[in-house]
Amino acid sequence: MKKNSFFSSLPFKLLVGVVLGIVVGLILNATDESGITTAILNLVVTLKYILGQVITFCVPLIIIGFIAPSITKLGSSASRMLGVAIAIAYASSLGAALFSMAAGYALIPHLSIATNVEGLKTLPDIVFELAIPQIMPVMSALVFSVMIGLAATWNRAKLITGVLDEFQKIVLSLVSKIIIPILPVFIGFTFCALAYEGSITKQLPVFLQVIIIVLIGHFIWMALLYGLAGAYSKENPMEVVKHYGPAYLTAVGTMSSAATLAVALQCAGKCKPLRKDMVDFGIPLFANIHLCGSVLTEVFFCMTISKILYGAVPSLGTMILYCVLLGVFAIGAPGVPGGTVMASLGIITGVLKFDDAGTALMLTIFALQDSFGTACNVTGDGALTLILTGYAKKHNIKEQHISIDL
């Protein structure tokens, strides 16, 4: 891989996109009556929509292109490694939920939180809708990848295995030549829209205390995950963490584990402790089933809203049941913005008994920090992949050498 200067690196481009987006958005907010402002906003929302459609379209292709070939390369160990991956993803999500629940009982009764989020500006409608539907839903791609990979392994289907290998190379080209170059632009448009609406200056202070607590919880949980992963694998977890900056920043901008997948693969590929076959297998899989940051956030926010609207946090038994079910829903939730909370609306209303007001407020507050919860999800995937690497070594699962250069 060629070494580039910092100013041509992906992290720098992402930072530029964020800063420019916020500055332009604030300027547009201050000159709202101008005709030029309206024209620029029309361009921003339209291009943001189109770029988002392109990224979303490629997500199922990335999932199939990485998971299915990786399963075939695991050979007879495929079923076992898949089971281990799902088990540790659920354990991480459940642990994060219970940790957040404990913090909620300890802290929420002592907080005084305002709930006024009025006064946001409205973005104009999209001028030109270029709908680019996915070839299949994300979860369908995930299930398809697992099934076709396992079936090809069980039947030793050399032809299909070869086709999957070629498809992986094609997907890698799409990632390196299309997805990664447009990400800084997409993130810039996203932050421009947020700055214009007033989310950055008006919405964020509303639940500032809660968001800060949740962010601290994210870093505590990530530290715990990497500590456990390092102890189990007997590798230095900092050798993984230090490469995850671009993925974290990209997740903050995209608010989607799935949309961040390309950068996450790139970051994980640079981590020396991580086996390359485990990276190709684990990172795409965990991007869709490991949502520890989103789960941690949702639990704390649900308890906070319950206190605000209904006068008390839910009972311990109710919260434990909610956490156990939420861990299951997190595995099936799509790795897209708001995927976790949307997938779990059934248990929010069914178990926690939230009414329409509670549900609406939950969706609003969750959106305020969704990007940081996603960043925790993505960064945590590196820890789980380190655990997979340790498991493979302890059980003498031979490494499959895959040449990948992102």
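Residues numbered from 1 in each chain as written. Predicted model: local features only at pLDDT ≥ 70, side-chain atom pairs only at ≥ 80, totals over all residues. Heavy atoms only, no water.

## Let's talk about helix 7 (residues 208–233)
1) Next: The first and last C-alpha atoms of helix 7 sit 37 Å apart over 26 residues, in line with the 38 Å expected at 1.5 Å per residue.
2) Next: Those residues of helix 7 lying buried are Val 210, Ile 211, Val 214, Gly 217, His 218, Trp 221, Met 222, Leu 225, Tyr 226, Ala 229, Gly 230 and Ser 233.
3) Next: Taken from the residues just after helix 7, Lys 234 is the one with a positive phi, measuring 60 degrees. (Helix = DSSP H or I, 4+ residues; strand = E, 2+ residues; numbered from the N terminus. Expected span 1.5 Å × (residues − 1). Buried < 20%, exposed > 50% of the residue type's maximum accessible area, 1.4 Å probe, protein only.)

## Some details on the packing of helix 10 (residues 261–269) against helix 11 (residues 276–289)
1) Next: The contact between helix 10 and helix 11 brings their axes to 10 Å, and the two run at 150 degrees. Compared by their axis directions, helix 10 and helix 11 come out roughly antiparallel. In this structure, the crossing between helix 10 and helix 11 has a hand that is right-handed. Where helix 10 approaches helix 11, its residues Leu 261, Ala 264, Leu 265, Ala 268 and Gly 269 are matched on the opposing element by Lys 276, Val 279, Ile 283, Pro 284 and Ala 287.
2) Next: For the contact of helix 10 with helix 11, the residue count by class is eight nonpolar, one polar and one charged. (Axes fitted to C-alpha atoms, helices over the stretch in contact; angles between N-to-C directions. Parallel < 35°, antiparallel > 145°, perpendicular 65-115°, else oblique. Left-handed = near helix turned anticlockwise from the far one by under 90°. Contact = heavy atoms within 4.5 Å. Nonpolar A, V, L, I, M, F, W, Y, C, P; charged D, E, K, R; others polar.)

## Regarding the environment of Thr 374
1) Next: Here Thr 374 shows up in helix 16 (residues 356–394).
2) Next: What makes Thr 374 buried here is its relative accessible area of 4%.
3) Next: Leaving out residues up to four positions away in the same chain, Thr 374 has contacts with Ala 251, Met 255, Ser 256, Ser 257 and Ser 294.

## Regarding a nonpolar patch on the surface
1) Next: Together, Leu 98, Leu 316, Ile 320 and Val 324 line one region of the surface with nonpolar side chains, adding up to about 290 Å² of accessible area.
2) Next: Take the nonpolar patch: its biggest share by element is three residues, from helix 13 (residues 316–332).
3) Next: Position of Leu 316 among the secondary structure elements: in helix 13.
4) Next: Given a relative accessible area of 48%, Leu 316 falls into the partly exposed group. (Patch = residues over 30% accessible without salt bridge, like charges linked within 9 Å, V, L, I, M, F, W, Y side chains within 5 Å. Areas by Shrake-Rupley, 256 points an atom, 1.4 Å probe, with all protein chains shown as cover. Salt bridge = Lys/Arg side-chain N within 4 Å of Asp/Glu carboxyl O.)

## Section: helix 10
1) Next: In terms of residue burial, helix 10 counts as a mostly covered element, since eight of its nine residues are buried.
2) Next: Taken residue by residue, helix 10 has Leu 261, Ala 262, Val 263, Ala 264, Leu 265, Gln 266, Cys 267 and Ala 268 as its buried positions.

## With respect to the packing of helix 7 against helix 12 (residues 292–310)
1) Next: As a packed pair, helix 7 and helix 12 sit with axes 10 Å apart at the nearest point and diverge in direction by 145 degrees. Where helix 7 crosses over helix 12, the two elements pack in a sense that is right-handed. Here Val 210, Ile 211, Ile 213, Val 214, Gly 217, His 218, Trp 221 and Leu 225 of helix 7 come into contact with helix 12, specifically with Cys 292, Gly 293, Leu 296, Thr 297, Phe 300, Phe 301 and Thr 304.

## Remarks on the packing of aromatic side chains
1) Next: Taken as a whole and judged by the stated rule, the model has three aromatic pairs.
2) Next: A cation over a ring is seen here: Lys 394 above Tyr 232, with NZ or CZ 5.0 Å from the ring centre. (Phe/Tyr/Trp six-rings, centres within 6.5 Å; stacked < 30°, edge-to-face > 60°. Lys NZ or Arg CZ within 6 Å of the ring centre and 35° of its normal.)

## Considerations on the side chain of Ser 306
1) Next: Here Ser 306 is to be found in helix 12.
2) Next: For Ser 306, a relative accessible area of 6% translates into the label buried.

## With respect to unusual backbone geometry
1) Next: Residues other than glycine seldom take positive phi values, yet Arg 156 does so here, at roughly 50 degrees.
2) Next: Residue position: Arg 156 is located in the loop between helix 4 (138–154) and helix 5 (158–197).
3) Next: Overall, the relative accessible area of 74% leaves Arg 156 in the exposed class.
4) Next: Although it is not a glycine, Lys 234 sits at a positive phi angle of roughly 60 degrees.
5) Next: Turning to its location among the elements, Lys 234 is positioned in the loop between helix 7 and helix 8 (238–241).
6) Next: Owing to a relative accessible area of 66%, Lys 234 belongs among the exposed residues under this scheme.

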